[in-house]
Amino acid sequence: EAGVTQFPSHSVIEKGQTVTLRCDPISGHDNLYWYRRVMGKEIKFLLHFVKESKQDESGMPNNRFLAERTGGTYSTLKVQPAELEDSGVYFCASSQDQRPLRSYEQYFGPGTRLTVT
Amino acid sequence: AQSVTQLGSHVSVSEGALVLLRCNYSSSVPPYLFWYVQYPNQGLQLLLKYTSAATLVKGINGFEAEFKKSETSFHLTKPSAHMSDAAEYFCAVIPAYSGAGSYQLTFGKGTKLSVIP
């Protein structure tokens, strides 16, 4: 079974440009999460999809970030326009069932390292 | 809001020595607790989880953690360190009850473990 994949693995862009990150969850996983780790800080939650719907987007930093999950499969996270403070590693995770009463695990992708110069 | 404290951003141990990575959480209601490991250039991998069953939890690669409610702790241990254990370790929590219906992980800042030959 393929794991969570993310593309690209690394992106270097200039301030003001646009970048789109992609995440392919494990097949059959309805839940998809985005997290971000800014250098020196903890990994922080950005948002959560259940299928194609946004369940919780309370962690999105501002309206320069737009996440989509059309068709409930892969997801994209667009940053437009990028700012210096957006640099960091963006992780995607997926899970089959999010209810804590059942066996629960989020499977993480390798992350996309975004550098804004 | 939940918070997770990992004591020590860097820990060094000799090969064969005990590994002890500390994690404390802040919550009046015991949350669900997780330890993840990130090896270089890889995604986060779940080591073990506590979901209100046994307080001593055994995970992969010989790691275990003990949930202590009185101390609000979930420290990670391994009796004998191996060179392959060198990685970054993250403690994370999910609240036992989520009003938003989104079981996002709240992470500590991570602890980098170095193993000295």
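Below is a short write-up of the structure. Quantities reported herein were computed from a predicted structural model and do not represent experimental measurements.

## Comments concerning the layout of surface pockets
No. 1: Reported here for the largest pocket is a volume of approximately 860 Å³.
No. 2: Residue lining of the largest pocket: 30 residues in total, with A:Arg37, A:Val89, A:Arg113, B:Gln38 and B:Glu88 positioned closest to the centre.
No. 3: Mapped onto the lining of the largest pocket, the elements with two or more residues apiece are β9 (88-95) and β11 (112-116) of chain A together with β9 (87-94) and β11 (111-116) of chain B.
No. 4: Among the elements that line the lining of the largest pocket, the one with the most residues is β11(A), at four residues.
No. 5: Considering only residue class, the lining of the largest pocket consists of 10 nonpolar, 15 polar and five charged.

## Quick notes on the sheet that holds strand β1 (residues 5-7) of chain A
Within a sheet, neighbouring strands are paired by backbone hydrogen bonds and run either parallel or antiparallel to one another.
All names here are of chain A.
No. 1: Spatial ordering of the open sheet is given by β1-β3-β8-β7, a layout of four strands whose pairing is antiparallel. Looking at the sheet topology across the chains shown, the edges are occupied by β1 and β7 (65-68). Within this sheet the neighbouring strands show an average axis-to-axis angle of 15°, counted without direction.
No. 2: In this sheet, strand β8 (residues 75-79) lies alongside β7 in antiparallel orientation, the contact comprising four bridges. The residue of β8 that forms the bridge with Phe65 is Val79.

## Some details on the nonpolar core
No. 1: B:Trp35, B:Leu48, B:Phe74, B:Leu76 and B:Tyr89 are the most contacted members of the largest nonpolar core, which totals 27 residues.
No. 2: Breaking this core down by element, the ones donating at least two residues are β2 (10-14), β3 (19-26), β4 (32-38), β5 (44-50), β7 (64-68), β8 (73-78), β9 and β11 of chain B.
No. 3: When near neighbours in sequence (up to four residues on either side) are disregarded, B:Leu76 contacts B:Val19, B:Leu20, B:Leu21, B:Trp35, B:Leu47, B:Leu48, B:Phe63, B:Glu64, B:Ala65 and B:Tyr89.
No. 4: Of all hydrophobic cores here, the second largest spans 21 residues; its members include A:Met60, A:Ala67, A:Val79 and A:Val116.

About the cut-offs
- Residues numbered from 1 in each chain as written.
- Chains lettered and ligands numbered in written order.
- Predicted model: local features only at pLDDT ≥ 70, side-chain atom pairs only at ≥ 80, totals over all residues.
- Heavy atoms only, no water.
- 1 Å grid on protein atoms, 1.4 Å probe; cavity = no way out; pocket = protein on both sides within 12 Å on 5 of 7 lines; lining within 4 Å.
- Points joined across faces, edges and corners; volume = space filled by probe spheres on them.
- Helix = DSSP H or I, 4+ residues; strand = E, 2+ residues; numbered from the N terminus.
- Nonpolar A, V, L, I, M, F, W, Y, C, P; charged D, E, K, R; others polar.
- Pairing = 2+ DSSP bridges.
- Axes fitted to C-alpha atoms, helices over the stretch in contact; angles between N-to-C directions.
- Core = buried A, V, L, I, M, F, W, Y, C linked by side-chain atoms within 4.5 Å.
- Buried < 20%, exposed > 50% of the residue type's maximum accessible area, 1.4 Å probe, protein only.
- Contact = heavy atoms within 4.5 Å.

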